[in-house]
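Coordinate inspection notes
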Amino acid sequence: MEILTTPQELQQTRATLKGSVGFVPTMGALHKGHLSLIEKSVKENDFTIVSIFVNPTQFLPGEDFNKYPRKLEADKEICKRAKVDLLFTPTKESIYFEDEVLVKAPKVKGYILEGHFRPGHFDGVLQIVNKLLNLTRPTRAYFGKKDAQQLYLVQKMVREFYLPTKIVGCEIVRDSDGLALSSRNIYLSPQERDIALQIPRSLKRAVKLIQQGERDSKKIKEEMLKLLKPIRVEYVEIVDREFNFLEQIQPSNTIILVAGYVGSTRLIDNVWI
Ligand code: PAF
């Protein structure tokens, strides 16, 4: 596995790759969720590139940029074992410019849900993902469905900027107790983790209600909120795959999303119906 730290090195090495290229962008502190994306990429492509960069522009002032887990040595080992070909670990100075040209998230879909509670977050995500897609020019790029709105907005950017990459959405990976894997789960104390389990439970309850024939979003959200009482909920919402709010469940075209705080840890989760 080759480790590259500057955009110039990555561009030069990318130009030598003949065949399909899979790309997995990450912020590191790799867990089994990331590994599932990497393994899918290794399986589906001739070459796999992984990036690790805790992107400062997608954190709002007061968010956890400084304490976000950084585990570069362990991450390198995970990538090596998973047969990653190129690992890209830029610094902020190497990848960003002074007064640079900015990508803006769409005014509506970039400023609802996550974008409402973290205004500007998706501007930063799209800014870095655009750079990374241009540097890696992948055949396929892999994103987790856990960040459902991010996945949607990246797909939208790729379509609207005519980028030649297929964006592949990958299933959420959960611990045996049901909690969706996230690099932020390490912030949770054992007691907080117990409370956090109400999030996947509320999503399971929603699925059950839908299986029993319930279609009314309001009723489903009310039932979910009963289970989410111990959590400082930011939103429980039901949208279609294009992130339009739904009053009625549309089978095969619905995402149910939850975001909230357990203690000082912000968690998100969702289920695709
Ligand atoms: O999902 C993430 O880890 C980040 O938002 C991404 C896509 C690597 C951009 O920094």
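Bear in mind that the values here come from a model prediction, so they are computed numbers and not experimental data.

We now examine the pattern of salt bridges. Side chains bearing opposite charge may pair, as long as their charged atoms lie close to each other. Within the structure shown, the criterion is met by 18 salt bridges. The partner of Lys 156 in a salt bridge is Glu 160, with the nearest N and O atoms 2.8 Å apart. In this pair, Lys 156 and Glu 160 both sit in helix H7 (residues 148-160), four residues apart, roughly one turn of the helix. We note a salt bridge from Glu 222 to Lys 218, for which the minimum N-O separation is 3.7 Å. Residue Glu 222 and its partner Lys 218 are located together in helix H10 (residues 217-227), separated by four residues, close to a single helical turn.

As a further point, take the site of the ligand. Near the ligand you find Pro 25, Thr 26, Met 27, Asn 55, Gln 58, Ile 128, Val 129, Phe 143, Asp 147 and Gln 150, and these make up its full shell. Contact distances for the ligand include 2.6 Å between an oxygen atom and a side-chain N or O atom of Gln 58. Burial of the ligand by the protein chains amounts to 89% of its free accessible area of 280 Å². Among the secondary structure elements, those contributing two or more residues to the shell around the ligand are strand S2 (21-26) and helix H6 (121-136). Each residue belonging to the shell around the ligand can be placed in one class, and the counts come to five nonpolar, four polar and one charged.

Time to look at the packing of H6 against H7. Running from N to C, H6 and H7 point in directions that differ by 50°, and their axes come no closer than 10 Å. When the axes of H6 and H7 are compared, the pair comes out oblique. Handedness of the crossing formed by H6 with H7: right-handed. Each of Phe 122, Val 125, Leu 126, Val 129, Asn 130 and Leu 133 in H6 lies in contact with H7, whose residues at this interface are Gln 149, Gln 150, Leu 153, Val 154, Met 157 and Val 158. Its residues placed into classes, the contact of H6 with H7 shows nine nonpolar, three polar and no charged.

Once that is clear, we can look at H7. Between the first and last C-alpha of H7 there are 18 Å, a value that for 13 residues agrees with the 18 Å anticipated at 1.5 Å per step. Of all the 13 residues making up H7, ten are buried; the element is thus mostly covered by neighbouring parts of the structure. Packing partners of the buried residues in H7 comprise helix H5 (114-117), H6, strand S5 (140-144), strand S6 (166-170), strand S8 (255-262) and strand S9 (265-272). One or two positions beyond H7, positive phi appears at Tyr 162, with a value near 55°.

Our focus in this paragraph is the pairing of S2. Taking burial as the measure, the six residues of S2 include six buried ones, the bulk of the element. On S2, burial covers both faces: Val 21, Phe 23 and Pro 25 on one face and Gly 22, Val 24 and Thr 26 on the other are all buried. Strand direction decides the pairing type here: S2 and strand S3 (residues 47-52), joined by six bridges, are parallel. By the bridge assignment, Gly 22 is partnered in S3 with Thr 48. The parallel pair S2 and S3, bridged by helix H2 (residues 32-44), forms a crossover whose chirality is right-handed. Judged from the two bridges that link them, S2 and S5 form a sheet pairing that is parallel.

Calculation notes
- Residues numbered from 1 in each chain as written.
- Predicted model: local features only at pLDDT ≥ 70, side-chain atom pairs only at ≥ 80, totals over all residues.
- Heavy atoms only, no water.
- Salt bridge = Lys/Arg side-chain N within 4 Å of Asp/Glu carboxyl O.
- Helix = DSSP H or I, 4+ residues; strand = E, 2+ residues; numbered from the N terminus.
- Near = heavy atom within 4 Å.
- Polar contact = N/O pair within 3.5 Å; in protein donor to acceptor, adjacent residues only side chain to side chain.
- Areas by Shrake-Rupley, 256 points an atom, 1.4 Å probe, with all protein chains shown as cover.
- Nonpolar A, V, L, I, M, F, W, Y, C, P; charged D, E, K, R; others polar.
- Axes fitted to C-alpha atoms, helices over the stretch in contact; angles between N-to-C directions.
- Parallel < 35°, antiparallel > 145°, perpendicular 65-115°, else oblique.
- Left-handed = near helix turned anticlockwise from the far one by under 90°.
- Contact = heavy atoms within 4.5 Å.
- Expected span 1.5 Å × (residues − 1).
- Buried < 20%, exposed > 50% of the residue type's maximum accessible area, 1.4 Å probe, protein only.
- Pairing = 2+ DSSP bridges.
- Right-handed = clockwise from strand over helix to strand, strands pointing away.

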